[in-house]
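Topology and contacts: notes
What follows is each chain in one-letter form.
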Amino acid sequence: MYKVLLLSVCLFFTFANARAQEKVTMKKDSVTTDSVKPYVNQGKIAGRRAMIRSAMLPGLGQIRNGFNLYRGLKVAGIYTGAAFLTISYIDNSKQYDIFVHELEYRTQNGGASPPGSLYANSPVDRLISAKDIYRRNKQVIIFSYAGLYLLNIIEAYIDARLANFDVGDVTRIKIRPDLMNANQMYGYHSIAPGMKIAITF
């Protein structure tokens, strides 16, 4: 009885093995190029979209990447920086106008200062130097506006690219508490608590 059962099992596996070794022939016409999907880099597409959105409205690219506290703080930083630059530009512009008015009044009135001027005792060369300083400050602030705008666009692009970048199981970071030798002097070993970080690739 067992011999018959063993023989039938062996014949079954022999038959299955023989069927598995049959050649499968396919016609060349049966394979179409439509079944192969081209690779699409989602990070590149998301980066371009974020860049365009941030160019249209600063901070929109960061928000559209997925709003969280970190991205919200970045948008707040962009607008806070723009507000500080605006306040500084207005202040420097006012001071520049004061010195320009002082110099024009002195030129038209033979060196006399306007009534109630705070700079009546200041020489002309110092007034010209102060006017140039405030003019230069205004120019620096305008370049800072352009830099903040470009930084906003670049940051949105990088954030979108990294949001679609997944390292998976390639890199692992382990952080655990550990005891470290802080100082070794005269045979005395002092031990201090610390953290051990291990990065595996």
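Above: the structure in question.
Residues numbered from 1 in each chain as written. Predicted model: local features only at pLDDT ≥ 70, side-chain atom pairs only at ≥ 80, totals over all residues. Heavy atoms only, no water.

Applying the stated criterion across every chain yields a total of two aromatic pairs. Joined through ring pairs, the aromatic side chains of F99, Y119 and Y134 make up one cluster. (Phe/Tyr/Trp six-rings, centres within 6.5 Å; stacked < 30°, edge-to-face > 60°.)

Look at helix α4 (residues 69–108) against helix α5 (residues 124–163): their axes get within 8 Å of each other, and the N-to-C directions meet at 165°. By the angle class used here, α4 and α5 are roughly antiparallel. Like other packed secondary-structure pairs, α4 and α5 cross with a definite hand, here left-handed. Here the residues of the contact of α4 with α5 sort into 18 nonpolar, nine polar and nine charged. (Axes fitted to C-alpha atoms, helices over the stretch in contact; angles between N-to-C directions. Helix = DSSP H or I, 4+ residues; strand = E, 2+ residues; numbered from the N terminus. Parallel < 35°, antiparallel > 145°, perpendicular 65-115°, else oblique. Left-handed = near helix turned anticlockwise from the far one by under 90°. Nonpolar A, V, L, I, M, F, W, Y, C, P; charged D, E, K, R; others polar.)

The next subject is α5. For α5, spanning 40 residues, the distance from its first C-alpha to its last is 58 Å, which sits close to the expected 58 Å at 1.5 Å a residue. Among the residues making up α5, those that are buried are L127, A130, K131, K138, I141, N152, I153, A156, D159 and A160. Taken together, the buried residues of α5 touch α2 (42–56), α3 (60–64) and α4. (Expected span 1.5 Å × (residues − 1). Buried < 20%, exposed > 50% of the residue type's maximum accessible area, 1.4 Å probe, protein only. Contact = heavy atoms within 4.5 Å.)

This paragraph deals with a nonpolar patch on the surface. There is a patch of nonpolar side chains on the surface, built from Y149, L150, I154, I158, L162 and F165 and spanning about 620 Å² of accessible area. Tracing the sequence through the fold places L150 in helix α5. (Patch = residues over 30% accessible without salt bridge, like charges linked within 9 Å, V, L, I, M, F, W, Y side chains within 5 Å. Areas by Shrake-Rupley, 256 points an atom, 1.4 Å probe, with all protein chains shown as cover. Salt bridge = Lys/Arg side-chain N within 4 Å of Asp/Glu carboxyl O.)

Their axes nearest at 7 Å, the elements α2 and α5 cross at an angle of 155°. As far as their axial angle goes, α5 and α2 are roughly antiparallel. Judged by the twist between their axes, the crossing of α2 over α5 is right-handed. When α2 is examined against α5, the residues G43, K44, A46, G47, R48, A50, M51, S54 and A55 are found in contact with a partner set consisting of Y149, N152, I153, A156, Y157, A160 and R161.

Moving on, we get to a positive patch on the surface. A contiguous patch of positive charge, built from R172, K174, R176 and K196, is present on the exposed surface. In terms of residue count, strand β1 (residues 172–185) provides more of the positive patch than any other element does, three residues in total. Note that R172 resides in strand β1. (Lys, Arg positive; Asp, Glu negative; His and termini not counted. Charge placed at Lys NZ, Arg CZ, Asp CG, Glu CD.)

Let us now look at the pattern of salt bridges. Under the counting rule described, the total for this entry stands at six salt bridges. The residue R106 makes a salt bridge to E102 at a minimum N-O spacing of 3.2 Å. Of this pair, R106 and E102 both sit in helix α4, four residues apart, which is roughly one turn of that helix. On the basis of relative accessible area, R106 is assigned to the buried category, the value being 8%. Linking R135 and D132 is a salt bridge whose minimum nitrogen-to-oxygen distance equals 3.4 Å. Placement of the pair is R135 and D132 together in helix α5, with a separation of three residues, close to one helical turn. Several salt bridges converge on common partners, so that one network encompasses R71, K74, E155 and D159.

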